[in-house]
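Architecture and fold: a report
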Amino acid sequence: MKEEQRLLLLQSSSLFAPPEGVKLSYGTAGFRADASILKSTVHRVGILTALRSLKTRSVVGLMITASHNKVTDNGVKIVDPSGGMLSQEWEPFADQLANAETPEALLSLITEFIEKEKIPFDGVQTAEILLGRDTRPSGESLLEAAKQGISSIFGAMAHDLGILTTPQLHWMVRARNKSMAATEPAYFEQISSSFRCLVELIPNETKSNKMDNRVVVDGADGVGGEKLEVLKNMLTGLVIEVRNTGKGGGLLNDGVGADYVQKEKVVPRGFGSNDIGIRCASLDGDADRIVYFTVSDNSSSRIDLVDGDKMLSLFALFIKEQLSILTKEGNENPNNNSQARLGVVQTAYANGASTDYLKQLGLEVIFTPTGVKHLHEKAAQFDIGIYFEANGHGTILFSEFWLSWLEARNNEFSLVSEGSEQQKAALRLLSVSKLINQAVGDALSSLLLVEAILQHKGWSIHKWNKLYQDLPSRQLKVKVVDRTAVTTTNAETIAVSPPGIQEAIDAETAKYSKGRCFIRPSGTEDVIRVYAEASTQESANSLAGSVAKIVDRFLGFGSSEQ
Ligand SMILES: CC(=O)N[C@H]1[C@@H](OP(=O)(O)O)O[C@H](CO)[C@@H](O)[C@@H]1O
Ligand SMILES: [Mg+2]
């Protein structure tokens, strides 16, 4: 490394002192903490992002967001050239950079890493980064810190794209590296036009039955609400009312948003008894996840949740139906066998009833640890991989190989059977692949795909929700001294430390019919999460509560087990 580059790195990083007594970890979805201690971390992630761009010789992204966390938090995550999450192999280095105590220590880490990773540092290759942030007040100053980090690498170019949803930035990075238009208008155009195609392909028999094409969306007082206000005006055949847009003075994720709705199972602010019977949805703070709900008839504060598992099931059912039309029996063309390996990916938080339903559909179901980075990687192994977390993170991945097969079939149909049911099925699947964000879970594109499929099937949200009956469940968070004391295995369903805790959980779970319970350390909040399922809601609540007490006994502030 040239001397002037060393000096620039030393000088730049000396402006941002790392937080005292805090050990930062890249976690489930990037670094996340109270915004007041993040400037140094974000500056260093700026440096790391420039190195990532040089290593991959591609455009990468840097997003300032803390997703569903409270408004005073913020965070930073890197978007890889594929549009996906940062390669997990780089996470340990990200942690080392964030926790380096002095500029000199930081510089030696960078120097070693450049050599180890053979990063082209000859000044010929230049780094290029797309930057975005959500609507958090701390975002603007943190974005400046990121830019300073990036500019401490000679020649690195930072493009500040302003306020975006997290999925928009992921989509733009993927598009840039595919030499496609990578602008916000291009994003809106692609999803609105593919939604329009799906609506045009709705079977006549269902077009006739006037299903309710109105949906009311909780924008979490965040960036999703803001962007949906723009998108909704580009749509025909769907009426979207957005509440909690962020413009009415409400606080981000405060009593609103998909995480609050999914975890607490209560209406978000601005919804109530006047909405009984209405199809409602809720975005999270950076609009990379969505859940649906209806206000319960018998209590205007409770909801009937239609979560990520139900969205996965709806998408899987629709795709399976289109595949069977596409390759209907009696078709003599041997090439016409879709041979699509269709698979679904879930985590331990998936409701047991959803997994049973998907298996009954004849689908291959695999499990991974929590975090989009894990599910995305597994889903990409299928020709069509559908993944969702129960909380509404998820998308559908189509392999390039299979999409080119589908394009070829569609061209063939245009010649030999224009307008046939098989061609319509091919066109629907092609439209789905353009509507659903191929880079990462996207609340806006998932919303449009749900609406298009409900219209296609002529289903109300109630009919959709009846696909299967969720087992009652309950999630709790437990504050403990050190959440990293819990380590897990088997896709997070078994706690291997601290010793004895899993045995205690098993003994408690055995008391409940259809009982299932697991604990894991959160990667985004300083808590241990508890998930419990049982045959009744009362039992699920009781099991979650009992296991929360076990966690507290082993790891809480007054714990006797330590
Ligand atoms: C139970 C739960 O909802 N966990 C969420 C949450 O991760 P935790 O590591 O559980 O805090 O945030 C992640 C990022 O948004 C999301 O991928 C994940 O599903
Ligand atoms: Mg989010």
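From a predicted model like this one, the values you see are computed outputs, not experimental measurements.

For helix H7 (residues 184–200), which comprises 17 residues, the first-to-last C-alpha distance of 24 Å matches the rise-based estimate of 24 Å (1.5 Å per residue) to within 8%. For H7, the full list of buried residues reads Ala186, Tyr187, Phe188, Ile191, Ser192, Ser194, Phe195, Leu198 and Val199. In the core, the buried residues of H7 are packed alongside helix H6 (166–177), helix H8 (204–208), helix H9 (223–231), helix H15 (421–435) and helix H16 (443–457). At the N-terminal end of H7, a side-chain oxygen is found 3.1 Å from the backbone nitrogen of alanine 186, two or three residues along, and the residue is threonine 183.

Across a sheet, paired strands are connected by hydrogen bonds in the backbone, their directions being either parallel or antiparallel. Read across the open sheet, the five strands follow the order S1-S3-S2-S4-S5; overall the sheet is mixed. Strands at the two margins of the open sheet, each flanked by one partner only, are strand S1 (31–34) and strand S5 (157–163). The sheet shows a mean angle of 15° between the axes of neighbouring strands, taken without regard to direction. Packing of helix H2 (residues 39–56) onto the sheet brings it into contact with S1, strand S2 (59–64), strand S3 (73–79) and strand S4 (128–133), and relative to S2 it is tilted by some 165°.

At a minimum axis distance of 10 Å, the contact between H9 and H16 shows a crossing angle of 50°. On the basis of the axis angle, H9 is oblique to H16. When the axes of H9 and H16 are compared, the crossing they make is right-handed. Each of Gly224, Lys227, Leu228 and Leu231 in H9 lies in contact with H16, whose residues at this interface are Leu444, Leu447 and Leu448.

To continue, consider the coordination of the magnesium ion (ligand 2). Surrounding the magnesium ion (ligand 2) are the protein donor atoms Ser67 (OG), Asp284 (OD), Asp286 (OD) and Asp288 (OD), at 2.0 to 2.1 Å. When the donor residues of the magnesium ion (ligand 2) are listed from N- to C-terminus, their spacing reads S-x216-D-x1-D-x1-D. Of this pair, serine 67 sits in the loop between S2 and S3 while aspartate 286 sits in the loop between strand S8 (280–283) and strand S9 (290–295); the two residues are 219 residues apart in sequence, bridging distant segments of the chain.

With that settled, the discussion passes to the site of ligand 1. Around ligand 1, 17 residues are found, and the nearest of them are Thr28, Asn391, Arg520, Ser522 and Thr524. Threonine 28 is positioned such that a nitrogen or oxygen atom in its side chain is 2.6 Å from an oxygen atom of ligand 1. Alone, ligand 1 offers 430 Å² of accessible surface; in the complex the protein occludes 97% of this.

Attention now moves to the pattern of salt bridges. The final tally for this structure, using the stated rule, is 36 salt bridges. Ionic pairing is found between aspartate 80 and arginine 52, a salt bridge with its closest N-O pair at 2.8 Å. Taken together, the residues aspartate 80 in the loop between S3 and helix H3 (91–99) and arginine 52 in helix H2 connect sequence positions 28 residues apart. Taking the relative accessible area as the measure of exposure, aspartate 80 reaches 7% and is therefore buried.

Secondary-structure assignment places lysine 147 in helix H5 (residues 139–150). For the pair lysine 147 and valine 45, spaced 102 residues apart in the sequence, the C-alpha separation amounts to 9.9 Å. The contact partners of lysine 147, leaving out residues within four places of it in the chain, are Leu131 and Asp160.

Turning next to the layout of surface pockets. Its volume calculated, the second largest pocket comes out at about 610 Å³. Lining the second largest pocket are 26 residues; nearest its centre among them are Lys265, Leu305, Asp470, Ser473 and Gln537. Broken down by secondary-structure element, the contributors of at least two residues to the lining of the second largest pocket are helix H10 (258–264), strand S10 (303–306), helix H11 (308–326), strand S15 (473–478) and helix H19 (537–555). For the lining of the second largest pocket, the residue count by class is eight nonpolar, eight polar and 10 charged.

Let us look at the environment of glycine 392. Turning to its location among the elements, glycine 392 is positioned in the loop between strand S13 (384–388) and strand S14 (394–398). On the basis of relative accessibility, which here comes to 2%, the residue glycine 392 falls in the buried class. Taking the C-alpha atoms as reference points, glycine 392 and leucine 312, 80 residues apart in sequence, are found 9.0 Å from one another.

Along S9, six of the six residues are buried, which leaves the element largely enclosed by surrounding structure. Both faces of S9 are covered, namely the face carrying Ile290, Tyr292 and Thr294 and the face carrying Val291, Phe293 and Val295. Pairing of S8 with S9 involves four bridges; the strand directions are antiparallel. In the strand pairing of S9, leucine 283 is matched with isoleucine 290. Here S8 hands over to S9 after six residues, with alanine 287 in that stretch at a positive phi of 60°. Taken together, the four bridges between S9 and S10 define a ladder with antiparallel strand orientation. Pairing of tyrosine 292 across the sheet is with valine 306, part of S10.

What follows covers the UniProt feature "domain: Alpha-D-phosphohexomutase alpha/beta/alpha" (unreviewed entry) in the protein. When the UniProt feature table is mapped onto this chain, "domain: Alpha-D-phosphohexomutase alpha/beta/alpha" (unreviewed entry) is found at residues 57–90 and 124–177. The distance from the first to the last C-alpha atom of residues 124–177 is 19 Å, and the span holds 44% helix and 24% strand.

The alternating pattern of S8 places Cys280 and Ser282 and Ala281 and Leu283 on opposite faces, both of which are buried. The pairing of strand S6 (residues 214–218) with S8 spans three bridges and is parallel. The residue of S8 that forms the bridge with aspartate 218 is serine 282.

Attention now goes to the side chain of threonine 65. Looking at the secondary structure, you find threonine 65 in the loop between S2 and S3. For threonine 65, a relative accessible area of 2% translates into the label buried. For threonine 65, the side chain forms a polar contact with the main-chain nitrogen of serine 67, separated by 2.9 Å. For threonine 65, the side chain forms a polar contact with the side chain of aspartate 134, separated by 2.6 Å.

Glancing now at empty space enclosed by the protein. Applying the stated criterion across every chain, the model contains two cavities of 30 Å³ or more. In this structure, the largest cavity encloses a volume near 320 Å³. In terms of lining, the largest cavity is formed by 26 residues, of which the most central are Arg289, Thr370, Glu389, Asn391 and His393. In terms of residue count, H10 provides more of the lining of the largest cavity than any other element does, three residues in total. When grouped by side-chain class, the residues that make up the lining of the largest cavity number five nonpolar, 12 polar and nine charged. When its volume is computed, the second largest cavity comes out at roughly 30 Å³. In terms of lining, the second largest cavity is formed by Tyr26, Thr28, Ala29, Gly30, Lys77, Ile78, Met85, Glu91 and Lys373. Class assignment for the residues of the lining of the second largest cavity results in four nonpolar, two polar and three charged.

About the thresholds
- Per-chain numbering applies: the sequence of each chain, read as written, is numbered from 1 onward.
- Chain labels run from A onward and ligand labels from 1 onward, assigned in the order the entries are written.
- With pLDDT at 70 or above as the cut-off, local features in this predicted model cover only qualifying residues; side-chain atom pairs require 80 or more to be listed or tallied, and sums for whole chains, interfaces and linings still use all residues.
- Side-chain metrics rest on all non-hydrogen atoms present in the structure, leaving aside hydrogens and water.
- By the criteria applied, helices consist of DSSP H or I runs no shorter than four residues and strands consist of E runs no shorter than two, each listed in order from the N terminus.
- In a helix, the anticipated span is given by 1.5 Å times the number of residues less one.
- Whether a residue is buried, partly exposed or exposed follows from its accessible area with a 1.4 Å probe, protein chains only, as a fraction of its type maximum: under 20%, in between, or over 50%, in that order.
- Contacts: residue pairs with any heavy atoms within 4.5 Å of one another.
- Definition of a polar contact: a pair of N or O atoms within 3.5 Å, with one able to donate and the other able to accept a hydrogen when the atoms are protein atoms, and with sequence-neighbouring residues admitted only if both atoms are side-chain atoms.
- Here, any two strands with at least 2 DSSP bridges between them count as paired.
- Here, axes are lines fitted to C-alpha atoms. For helices the fit covers the stretch in contact, and angles between N-to-C directions go from 0 to 180 degrees.
- Should an angle lie under 35 degrees it is considered roughly parallel, over 145 roughly antiparallel, and from 65 to 115 roughly perpendicular; all remaining angles are considered oblique.
- Handedness of a helix crossing follows the sense of rotation of the near helix relative to the far helix, less than a right angle counterclockwise being left-handed and clockwise being right-handed.
- Keep in mind that water is not among the atoms, so a site may look incomplete; donors are the N, O and S atoms within 2.8 Å of the metal, or 3.2 Å for Na, K and Ca.
- The near set for a molecule or strand comprises every residue that places at least one heavy atom within 4 Å of it.
- Computed by Shrake-Rupley with a 1.4 Å probe, the accessible areas treat only the displayed protein chains as cover when residues are assessed.
- Basic side-chain nitrogens of Lys or Arg form a salt bridge, by our definition, when they fall within 4 Å of a carboxyl oxygen of Asp or Glu.
- Any residue with an atom within 4 Å of a point lines the site, the site being either a cavity, points on a 1 Å grid over the protein atoms alone where a 1.4 Å probe fits but cannot get out, or a pocket, an open set with protein on both sides within 12 Å along at least 5 of 7 lines.
- Grid points are joined across faces, edges and corners, and a volume is the space filled by probe spheres set on the points.
- Throughout, the ten residues Ala, Val, Leu, Ile, Met, Phe, Trp, Tyr, Cys and Pro are labelled nonpolar, Asp, Glu, Lys and Arg are labelled charged, and all others, Gly among them, are labelled polar.
- UniProt positions are given in the numbering used here, feature names are shortened, and annotations may be inferred rather than shown by experiment.

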